[in-house]
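Architecture and fold: a report
Listed below are the residues making up each chain.
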Amino acid sequence: MPRLVRPDAVLVQAVIAGALSFAHLHDLAEAAGQHGWKAWAYPVSVDLLLVAAWHRLRSLRDAGEFAGSAWSWFVVALAASLGANVATAGLLDLGDVPDWLRILVAGWPALAFLGGTLLVHRPTPPSEQEPEPDPEIPPAVERAAEPGVQVASVPALPAPEAAAAVTAPPALVAHAQKVAADHRTRTGSAIDTETLRARLGVPSPMAEAIAAQLV
């Protein structure tokens, strides 16, 4: 036996209310000098802006972001819809619409276009932007700090016997201390001589002399 389809009272009420509001907006736009298809486009524009603002409001609220802009456009669209319903209730002579109302109706398309554009296109939060790589850290060192990533190390060159006699400039030693501290912060371990040499761009004897001063 086929199942009987029962109408939803809430859906029926929504359809009736939407049709009445649609008709009121059409009548007001036509009375304000917008004839033909333009009078029918006004209620569509108002209702779409109202739905778009509510959708953006829900999305921002679920994401925990500030929804002030969405609230503003929702109030603007709601005021336009309520205003048309009240104006066509006998409080306004549709045969002699005042000039200020004609101006509001004529300027609505530009206002609705601006609101729809701002609701659709919004700046990306800083948390969603990709972090910029540190220019001072070579890619090989950055990947070595990632868990599960193995980077082939450069074979160590034999250190000459005169390495102990190499003297590093104080400024270079100070810079090496910053590099070593940054490496420890990123990896949790002390920097090795080869990595220090690659970071500073100095020969192996000089890197060993600097590493001896970092202990």
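Here is a short report on the structure shown in this document. Just so it is clear, the structure is predicted and the values come from calculations on it, not from any experiment.

Some points on the nonpolar core
L49, V105, W108 and L119 are the most contacted members of the largest nonpolar core, which has 26 residues in total. At the level of elements, α1 (9-31), α2 (37-62), α3 (68-91) and α4 (99-120) are the ones that each hand at least two residues to this core. It is α2 that provides the largest number of residues to this core, a total of eight residues. When sequence neighbours within four positions are dropped, the list of residues in contact with L49 reads W73, A77, W108, A112, G115, G116 and L119. Listed in part, the 13 residues of the second largest apolar core include L200, V202, M206 and A207.

Notes on the packing of aromatic side chains
What the rule picks out here adds up to three aromatic pairs. Ring geometry for W71 against F74: centres 5.9 Å apart, planes inclined by 85°, an arrangement best described as edge-to-face. Here W71 and its partner F74 are both found in helix α3, three residues apart, which amounts to about one turn of the helix. Overall, W71 belongs to the partly exposed group, its relative accessible area being 43%. When its relative accessible area of 17% is taken as the criterion, F74 is described as buried. What links up through ring pairs into an aromatic cluster is the set W54, W71 and F74.

Considerations on α1
Taking 1.5 Å of rise per residue, 23 residues should cover 33 Å, and α1 covers 33 Å from first to last C-alpha, within 8% of that figure. Tucked into the core, α1 has its buried residues touching α2, α3 and α4. Directly beyond the C-terminal end of α1, a positive phi value near 100° is found at G33.

Brief notes about α4
Taking 1.5 Å of rise per residue, 22 residues should cover 32 Å, and α4 covers 32 Å from first to last C-alpha, within 8% of that figure. At W108, α4 shows its largest bend, some 40°, and a proline, P109, comes one to four positions later. Those residues of α4 not exposed but buried are L101, V105, W108, A112, G115 and L119. As for α4, its buried residues are in contact with α1, α2 and α3.

Things to note about the packing of α1 against α3
Contact geometry for α1 and α3: axes closest at 8 Å, N-to-C directions at 75°. Considering the angle they form, α1 stands roughly perpendicular to α3. On the side of α1, the interface is formed by L20, S21, H24, L25, D27 and L28, while α3 contributes A80, S81, A84, N85, A87 and T88. Among the residues making up the contact of α1 with α3, the classes are represented as six nonpolar, five polar and one charged.

Section: the side chain of H26
Along the chain, H26 turns up in helix α1. Setting aside anything within four residues of it in sequence, one finds H26 in contact with A39, W40 and P43.

Some details on a nonpolar patch on the surface
A surface patch of nonpolar side chains, about 260 Å² in accessible area, is lined by V12, I16 and L20. Positionally, V12 belongs in helix α1.

Looking at the pattern of salt bridges
All told, the structure shown has two salt bridges when counted by the stated rule. With a closest N to O distance of 3.3 Å, R186 and D182 form a salt bridge. Here the residue R186 and the residue D182 both occupy positions in helix α6 (residues 170-187), the gap between them amounting to four residues, near one helical turn. Under the relative-accessibility criterion, R186 is labelled partly exposed at 44%. Its relative accessible area of 25% is what places D182 among the partly exposed residues.

Analysis parameters
Counting restarts for each chain: residues are numbered from 1 in the order of the written sequence. For this predicted model, a pLDDT threshold of at least 70 governs which residues receive local features, and a threshold of 80 or more governs which side-chain atom pairs are given and counted, while totals over whole chains, interfaces and linings are taken from all residues. Just so you know, side-chain values use all the structure's heavy atoms and leave hydrogens and water out. Within this scheme, the nonpolar core is defined by two criteria: the residues are buried Ala, Val, Leu, Ile, Met, Phe, Trp, Tyr or Cys, and they are joined through side-chain atoms within 4.5 Å. When a residue's accessible area, from a 1.4 Å probe over protein chains only, is under 20% of the maximum for its type it is buried; when over 50% it is exposed; and in between it is partly exposed. Secondary structure is summarised from DSSP: a helix means a run of H or I of at least four residues, a strand means a run of E of at least two, and numbering begins at the N terminus for each. Residues count as neighbours in contact if any of their non-hydrogen atoms are within 4.5 Å of one another. Side-chain rings of Phe, Tyr and Trp, where Trp is taken by its six-membered ring, are said to pair if the distance between their centres is within 6.5 Å; with planes under 30 degrees apart they count as stacked, over 60 as edge-to-face, and otherwise as tilted. Expected span of a helix: the number of residues minus one, times 1.5 Å. Throughout, the bend at a residue refers to the angle made by two axes, fitted to the seven residues ending there and to the seven starting there. Throughout, an axis means a line fitted to C-alpha atoms (over the contacting stretch in the case of helices), and angles, computed between N-to-C directions, take values from 0 to 180 degrees. Here the word oblique covers every angle except those under 35 degrees (roughly parallel), over 145 (roughly antiparallel) and from 65 to 115 (roughly perpendicular). Polar here means any residue outside two lists: the nonpolar Ala, Val, Leu, Ile, Met, Phe, Trp, Tyr, Cys and Pro, and the charged Asp, Glu, Lys and Arg; Gly therefore counts as polar. Residues enter patches when their relative accessible area tops 30% and they take part in no salt bridge; the joining distance is 9 Å for like charges and 5 Å for the nonpolar side chains Val, Leu, Ile, Met, Phe, Trp and Tyr. Here the accessible surface of atoms and residues is derived via Shrake-Rupley with a 1.4 Å probe, and residues count as covered only by protein chains that are part of the display. Salt bridges are counted wherever a side-chain nitrogen of Lys or Arg sits within 4 Å of a carboxyl oxygen of Asp or Glu.

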